[in-house]
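Residues per chain, in single letters:
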Amino acid sequence: FLLCLLQYFKLPLLNLFFKTQSEHFLMLGHVYTLVILMAYCDFVFSSFLGILNGFQRMDITSAVDFLKTLIFAFFAFLLLSFQPRLLSLALAFVFSTLIWSFISFYSCRSIFPQLAFGLNYFDPKLLKRMLKFGIQTHFSSLTMLLHLNLDKFLIGHFLGLEKVAFIDIALKLINQS
């Protein structure tokens, strides 16, 4: 959640590093935020399929994963046929993830009827412990990400985004050989 808030307000921060004021850059930030939120949702609801995998019910999890792929393909084809943009793919991911999340939960609930979640199951002490651990882990990951990408930030600030893309592709080619 904190990452999504930071991502939404990141444009002024990124303008410090990259020389651009493009509306496409702003749209990319919104698309990225949307995809991050849905990735969190996907991660949470995949735990229900993890429960089924733990009880050796791969027949259900395989069917649900296949259904997720079909739902994404349907929405991607539908939305891209109207407007071929990156936002269309992000929206296809949103729709497929939301539908898949409900299917995952109810698939698990069909095997385990006692499975439920709601506000009456909320434990504030557990949430506090989880957030304490998560924030420490997040800042550790953030500093590692900054360390690994500092060269891109500096190149983007001084030379522009085109040079970042050019150098990034060159480095990937060098590292693969």
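About the cut-offs
- Residues numbered from 1 in each chain as written.
- Predicted model: local features only at pLDDT ≥ 70, side-chain atom pairs only at ≥ 80, totals over all residues.
- Heavy atoms only, no water.
- Helix = DSSP H or I, 4+ residues; strand = E, 2+ residues; numbered from the N terminus.
- Buried < 20%, exposed > 50% of the residue type's maximum accessible area, 1.4 Å probe, protein only.
- Contact = heavy atoms within 4.5 Å.
- Bend = angle between axes of the 7 residues up to and from the residue.
- Salt bridge = Lys/Arg side-chain N within 4 Å of Asp/Glu carboxyl O.
- Phe/Tyr/Trp six-rings, centres within 6.5 Å; stacked < 30°, edge-to-face > 60°.
- Lys NZ or Arg CZ within 6 Å of the ring centre and 35° of its normal.

A. Geometry of the overall build of the chain. Helix and strand counts for the chain come out as 7 helices and 0 strands. Reading the chain from its N terminus to its C terminus gives the helix and strand order α-α-α-α-α-α-α. Buried positions account for 26% of the 177 residues belonging to the chain. Partitioning the contacts of the chain with sequence separation of at least 6, the portion at a separation of at least 24 is 67%.

B. Highlighting helix H6 (residues 124-159). The largest bend in H6 is about 60°, located at Asn149. All of the buried residues along H6 are Asn149, Ile155 and Gly156. Gly160, located one to two residues past H6, shows a positive phi value of around 105°.

C. Representation of unusual backbone geometry in the model. Here Gln56, not a glycine, exhibits a phi torsion of approximately 60°, which is positive. Mapping Gln56 onto the fold places it in the loop between helix H3 (23-54) and helix H4 (58-82). Given the relative accessible area of 59%, Gln56 is considered exposed.

D. Structural detail: the side chain of Thr97. Mapped onto the secondary structure, Thr97 falls in helix H5 (residues 86-111). Those residues in contact with Thr97, other than ones at most four positions away along the chain, are Met38, Cys41 and Asp42.

E. The pattern of salt bridges, seen in detail. Taken as a whole and assessed by the stated rule, the structure comprises 4 salt bridges. Here Asp42 ties to Lys68 by a salt bridge, and the two come within 2.7 Å at their closest N and O atoms. Here Asp42 is found in helix H3, whereas its partner Lys68 is found in helix H4, with 26 residues between them in sequence. Residue Asp42 is classed as buried on the basis of its relative accessible area of 18%. One salt bridge in this structure joins Lys172 and Asp168, with 3.4 Å as the shortest N-O distance. With a gap of 4 residues between them, Lys172 and Asp168 both fall in helix H7 (residues 161-176), about one helical turn apart. In this structure Lys172 comes out as partly exposed when scored by relative accessible area, which is 49%. It is possible to trace a salt-bridge network through shared partners that takes in Lys152, Asp168 and Lys172.

F. Main features of the packing of aromatic side chains. All told, the structure shown has 6 aromatic pairs when counted by the stated rule. For the ring pair Phe55 and Phe112, a centre distance of 4.9 Å and an interplane angle of 55° mean the geometry is tilted. Residue Phe55 is located in the loop between H3 and H4, and its partner Phe112 is located in the loop between H5 and H6; the two are separated by 57 residues in the primary sequence. Judged by relative accessible area, Phe55 falls into the exposed class, the value being 54%. Owing to a relative accessible area of 17%, Phe112 belongs among the buried residues under this scheme. Taken together, a centroid distance of 5.1 Å and an interplanar angle of 75° make the contact between Phe105 and Tyr106 edge-to-face. Here Phe105 falls in the buried class, since its relative accessible area comes to 7%. When its relative accessible area of 49% is taken as the criterion, Tyr106 is described as partly exposed. What links up through ring pairs into an aromatic cluster is the set Phe45, Phe48, Phe105 and Tyr106. Its guanidinium or amino end placed over the ring of Trp100, Lys68 lies 4.4 Å from that ring's centre, counting from NZ or CZ.

As far as function goes, none of this settles anything; it's purely spatial.
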